[in-house]
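Structural features, examined
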Amino acid sequence: MNLIEREKNIISDFNFLESWDQKYEFLIDLGKELPVMSEGLKVEENLIKGCQSNVWLSSYLKDEKICFLADSDALITRGLIALLLKVFSNARAKEIALFDLKLISQIGLDKHLSMNRSNGLVKMIEKIKEISLNYLKKEE
């Protein structure tokens, strides 16, 4: 499944939910589904700068695709990074680097997150893009 299809599926899932309480609950559930990140990966170099909560993001290549591992010490933030990984994990670096993520505005997160969480979400997206660009540079 390509990134556009993944994004459409998430948008569809969110739009099915009627209230923001349900949408926040869905985000929290996504966060609970994240695989456990080993403590050895929760190091300074994997910490995303600019997030109010602690958010760790690590990556590795498998079959020429980037796989991400992430965790956070806050429930909603953990759900936000899980949401991003549902789109971006297990995709090619070039596809990630060039992808124009629209789901944040299309599901209304841009209007329903606090300023701090919104800033943190932007930082998470920037870090995912940065990692993909770094993999692209290694391919050249």
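Data block above holds the structure.
Predicted model only: the values in this text are computed from it and were never measured.

Before going further, it helps to spend a moment on the pattern of salt bridges. This model, assessed by the stated rule, comprises 9 salt bridges. Taking the shortest distance from any N to any O, the salt bridge between K123 and E126 comes out at 3.7 Å. Of this pair, K123 and E126 are both found in helix α7 (residues 115-139), 3 residues apart, which corresponds to roughly one turn of the helix. Residue classification places K123 among the partly exposed residues on the basis of a relative accessible area of 33%. The structure contains a network of salt bridges with shared partners spanning E39, K42, D71 and R78.

With 42 residues, the main nonpolar core has I81 and F88 as its most contacted residues. For this core, the elements supplying multiple residues, two or more each, are α1 (3-16), α2 (20-33), β1 (55-62), β2 (65-72), α3 (75-88), α4 (93-98), α5 (103-106) and α7. By residue number, the principal contributor to this core is α3, which donates 9 residues. If near-sequence neighbours (up to four positions away) are discounted, F88 is found in contact with L3, R6, I66, F68, I96, F99, L101 and I128.

A few words on the pairing of β2. In terms of burial, β2 is a largely internal element, 6 of the 8 residues being buried. Once β1 ends, the chain turns through 2 residues before running back antiparallel as β2, passing D63 with a positive phi of about 55°.

For the coordinates displayed, the defined rule picks out 3 aromatic pairs. Ring geometry for F14 against F26: centres 5.1 Å apart, planes inclined by 85°, an arrangement best described as edge-to-face. Residue F14 is found in helix α1, and its partner F26 is found in helix α2; the two are separated by 12 residues along the sequence. On the numbers, 5.5 Å between centres and 55° between planes, the contact of W20 with Y24 is tilted. One end of the pair, W20, and the other, Y24, are both in helix α2, 4 residues apart, so they sit about a helical turn from each other. The class for Y24 is partly exposed, based on a relative accessible area of 24%. When the ring centre of W56 is taken as reference, the NZ or CZ atom of K42 above it lies at 5.3 Å. Sitting above the plane of the Y135 ring, K138 keeps its charged end 5.2 Å from the centroid.

The rules behind these values
- Residues numbered from 1 in each chain as written.
- Predicted model: local features only at pLDDT ≥ 70, side-chain atom pairs only at ≥ 80, totals over all residues.
- Heavy atoms only, no water.
- Salt bridge = Lys/Arg side-chain N within 4 Å of Asp/Glu carboxyl O.
- Helix = DSSP H or I, 4+ residues; strand = E, 2+ residues; numbered from the N terminus.
- Buried < 20%, exposed > 50% of the residue type's maximum accessible area, 1.4 Å probe, protein only.
- Core = buried A, V, L, I, M, F, W, Y, C linked by side-chain atoms within 4.5 Å.
- Contact = heavy atoms within 4.5 Å.
- Pairing = 2+ DSSP bridges.
- Phe/Tyr/Trp six-rings, centres within 6.5 Å; stacked < 30°, edge-to-face > 60°.
- Lys NZ or Arg CZ within 6 Å of the ring centre and 35° of its normal.

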